[in-house]
Amino acid sequence: MVKPLILFTIFFSTIAAATASDSSEESHQKLNHLHFYFHDIVNGPEPTAMRVVEAAMTNKLAMVFMMDDLLTEGPKPNSKMVGKA
């Protein structure tokens, strides 16, 4: 009987401590929203993604791709590049 009571107390003490530390940090944190677009080109003279390995079975989930895609600020591939993925 004592063991479940101890586990119950430890569990709720941990949750209470985590909740208290989260609420005190909220006033000091700044929230940022990042928006970028991922451009995956699989056809043409310079593809940015290509299939490397495919399993013998016909399941589409059994494929491995290699990618070097552009990340841009806008939905068009010629918008400002912010990185690569």
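Our structure is the block above this text.
Residues numbered from 1 in each chain as written. Predicted model: local features only at pLDDT ≥ 70, side-chain atom pairs only at ≥ 80, totals over all residues. Heavy atoms only, no water.

**Student:** Hey, could you go over the overall build of the chain for me, with residue numbers and the actual values?
**Tutor:** Within the chain, the regular secondary structure consists of one helix and five strands. Helices and strands appear in the chain in the N-to-C order α-β-β-β-β-β. By the burial criterion, 11% of the 85 residues in the chain qualify as buried. Put simply, 32% of the contacts in the chain that link residues at least 6 apart link residues at least 24 apart. As displayed, the chain has an accessible area near 7,700 Å², and 64% of this comes from carbon and sulfur atoms. (Helix = DSSP H or I, 4+ residues; strand = E, 2+ residues; numbered from the N terminus. Buried < 20%, exposed > 50% of the residue type's maximum accessible area, 1.4 Å probe, protein only. Contact = heavy atoms within 4.5 Å. Areas by Shrake-Rupley, 256 points an atom, 1.4 Å probe, with all protein chains shown as cover.)

**Student:** Quick one: what's the story with the pattern of salt bridges, residue by residue and with numbers?
**Tutor:** Per the stated rule, a full pass over the model turns up one salt bridge. One salt bridge in this structure joins D68 and K84, with 3.4 Å as the shortest N-O distance. Of the two residues, D68 is situated in the loop between strand 3 (63–67) and strand 4 (70–72) and K84 in strand 5 (residues 81–84); the sequence distance between them amounts to 16 residues. (Salt bridge = Lys/Arg side-chain N within 4 Å of Asp/Glu carboxyl O.)

**Student:** Explain the sheet that holds strand 4 residue by residue, including any values.
**Tutor:** Read across the sheet, three strands follow the order 1-4-5 without closing on themselves; strand pairing throughout is antiparallel. Edge positions in the sheet fall to strand 1 (37–39) and strand 5, since each of these pairs with one other strand and no more. Going across the sheet, the axis of each strand differs from the next one's by a mean of 30°, ignoring polarity. Across three bridges, strand 1 lies against strand 4 in antiparallel orientation. Bridging across to strand 4, H39 finds its partner in L70. (Pairing = 2+ DSSP bridges. Axes fitted to C-alpha atoms, helices over the stretch in contact; angles between N-to-C directions.)

**Student:** Please set out the environment of D68 residue by residue, giving values where relevant.
**Tutor:** Its relative accessible area of 40% is what places D68 among the partly exposed residues. Taking C-alpha positions, D68 is 9.4 Å from M50, a pair spaced 18 residues apart along the chain. Setting aside residues no more than four positions away along its own chain, D68 makes contact with T48, K84 and A85. Within the structure, the side chain of D68 is placed 3.4 Å from the side chain of K84, a separation counted as a polar contact. (Polar contact = N/O pair within 3.5 Å; in protein donor to acceptor, adjacent residues only side chain to side chain.)

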